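One-letter residues, chain by chain:
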Amino acid sequence: ELTFSSDGFSRDERTRIVEVPRRPSFHNLYKGHAYLFEEYRIGALADDASAVRVRVLEAPADTLFLADVQVRAEGEGDVQPVHVRIVDLDNDNTDDVLAWTRDGQVLVLDALGRERWRRTFAAGLLALDAWDLAGDGRREVVASCANRRTLVLNTNGTLRWERDWSDIYEQTDQRFYSDGANMFGMAAWRPETASNVELIFTGYWFATRLDPDGTLKTHFRRDGHVTEIRSIPGDLPGAGGLVMRSDAPWNGPVTLEWWSAATGSVEATNAVPNGTLVHFDVNDFDADGAVEALLATSEGIGLYAPGETRPRWEHLTEAPPVGVGVIPPTDAAPVRFVYGREDGYLFVVRADGTLVRSVLLDEALRCLTVVPDSTGRPVILVGTDAGLRRLDAETLAETAWNGVRYQWLASLRQNDRRIVLGVTAAGDLQALLP
């Protein structure tokens, strides 16, 4: 039974019943406490709603713990969600664009907007990214599908290899604690203990490490559900390592893990906000020679460093953040961070998290980015429910506006200049001059 609503179930409630196949999954996470997960895959429903409440009818109370749950839709109203990853696929110092949707559509463009290739995965997609697995400077595209399969595609989009995870419980002699699940997180790295590049895939409470040809090397249990992974850039301490963060189905902080390339294991952790990921980047943001993670979720935002028990700064927010930007340091001012919230507030803070200035815009915020304008002066581009607003990064004074609604904004290298790539509410990709 599905109940749809566009106003948080206050007055708008529309209910319908659908029949879908039941797919159980057995998990023995802790070698003693067994869990049976129920999966029901539902196709396009063609209902205009911002949220849907799901009730499993005729559910046996002793095996289905949650018979009534509320699920927030990925897109609200007329927004058609499109996910974007900006990478340099062929090592020519110009960015390429990987754009994909949850229903399995993939479009790859160069920085001039020319199509390189496209394809559709009928099962739908959970994640898409690209890494150099062959060591030839060209990135292969890695896809995680919603049918418990992962695929590696060549730079031109042709299939390199595919792996099915549905029988991993049997493949590992029942040591995997699961009979298979979807992979939500993935990364590639080359630890010093390995002879070649490794792929890491993470699923619900577990992870695997594979050779670049798809051969399973090892598997291990880890906390968390949907995992996001970032690499430590090559000119920073711990270069080549990984930083991982997973959300979890409970209240309170979760763990940020720093994986060492020297040992191939976790060397440091931080406690960070739980919730849906909004922004995650790893760099030396405050130019102190150390690596930091800038992380924002639906519950808060902060700056974290390995080996430090307390965050450099952290704000647990009253409304969910929608985007984060970095104002680079100048001779006159150090680095500053910008973040916006759904309730219309925009904040500029120093490297220690103290407030520089803030402004309340008169509409809900959806995304933001910080880019230099034609003179090199940083500007803040903010996507709202009414359109795109450009603010001066120093004063937060509004300098331009247009009526196009954007769900995502980021900077893109186009030959010898930087432009802005925007995804409209309708799902169109547009190149903008800042």
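The model shown is predicted, which means the values in this text are computed figures rather than measured ones.

A. View of unusual backbone geometry. The backbone of asparagine 91 shows a phi angle near 60°, a positive value even though the residue is not glycine. Structurally, asparagine 91 can be placed in the loop between strand 7 (83-87) and strand 8 (96-100). Look at asparagine 91 and you get exposed, because its relative accessible area is 53%. At leucine 396, a residue that is not glycine, the phi angle is positive and equals roughly 65°. Looking at leucine 396, the relative accessible area reads 8%, which means it is buried.

B. Inspection of the pattern of salt bridges at higher detail. A full pass over the atoms with the stated rule returns 28 salt bridges. With its nearest N and O atoms 2.7 Å apart, the salt bridge here joins aspartate 110 to arginine 114. Among the ionic pairs, aspartate 392 bridges to arginine 377, the shortest N-O distance being 2.6 Å. Pair noted here: aspartate 392 is in strand 33 (residues 388-392) and arginine 377 is in the loop between strand 31 (365-372) and strand 32 (378-384), with a separation of 15 residues, a long-range link. On the accessibility criterion, aspartate 392 (11% relative accessible area) is buried.

C. Here's a closer look at the packing of aromatic side chains. For the coordinates displayed, the defined rule picks out six aromatic pairs. The interplanar angle of 65° and the centroid separation of 6.0 Å between the aromatic rings of tryptophan 165 and phenylalanine 201 together place this pair among those described as edge-to-face. In this pair, tryptophan 165 is assigned in the loop between strand 14 (159-164) and helix 1 (168-171) and phenylalanine 201 in strand 16 (residues 198-203), connecting sequence segments 36 residues apart. Accessibility expressed as a relative area gives 1% for tryptophan 165, which makes it buried. Measuring from centroid to centroid gives 5.7 Å for tryptophan 313 and phenylalanine 337, while their planes differ by 45°, and the two rings are tilted. Remark: phenylalanine 337 occurs in strand 28 (residues 336-341) and tryptophan 313 occurs in strand 26 (residues 313-316); sequence separation between them is 24 residues. We note that tryptophan 313, like phenylalanine 337, is buried. A network of ring pairs unites the aromatic residues Phe285, Trp313 and Phe337 as a single cluster.

D. Here's a closer look at the side chain of aspartate 129. Relative to the elements of secondary structure, aspartate 129 occurs in strand 11 (residues 125-131). Here aspartate 129 falls in the buried class, since its relative accessible area comes to 12%. Engagement of the side chain of aspartate 129 in a polar contact is seen with the side chain of arginine 85, the distance being 2.9 Å. With near-sequence residues (within four places) excluded, aspartate 129 lies in contact with Arg85, Val87, Leu98, Glu140, Val141, Val142 and Met186.

E. Representation of the side chain of arginine 245 in the model. Assignment of secondary structure puts arginine 245 in strand 20 (residues 242-246). Of the side chains bearing the opposite charge, aspartate 247 lies closest to the buried arginine 245, which forms no salt bridge; the N-O distance is 5.2 Å.

F. Looking closely at the sheet that holds strand 25 (residues 300-304). Taken in spatial order, the four strands make up an open sheet running 23-24-25-26, and their pairing is antiparallel. What marks the edges here is a single partner per strand, and that holds for strand 23 (277-283) and strand 26. Ignoring which end each strand starts from, the neighbouring axes of this sheet average 5° apart. Alignment of strand 24 (residues 292-297) against strand 25, held across five bridges, turns out to be antiparallel. Note on strand 25: the bridge partner recorded for alanine 293 is tyrosine 304.

Calculation notes
- Residues numbered from 1 in each chain as written.
- Predicted model: local features only at pLDDT ≥ 70, side-chain atom pairs only at ≥ 80, totals over all residues.
- Heavy atoms only, no water.
- Helix = DSSP H or I, 4+ residues; strand = E, 2+ residues; numbered from the N terminus.
- Buried < 20%, exposed > 50% of the residue type's maximum accessible area, 1.4 Å probe, protein only.
- Salt bridge = Lys/Arg side-chain N within 4 Å of Asp/Glu carboxyl O.
- Phe/Tyr/Trp six-rings, centres within 6.5 Å; stacked < 30°, edge-to-face > 60°.
- Polar contact = N/O pair within 3.5 Å; in protein donor to acceptor, adjacent residues only side chain to side chain.
- Contact = heavy atoms within 4.5 Å.
- Lys, Arg positive; Asp, Glu negative; His and termini not counted.
- Pairing = 2+ DSSP bridges.
- Axes fitted to C-alpha atoms, helices over the stretch in contact; angles between N-to-C directions.

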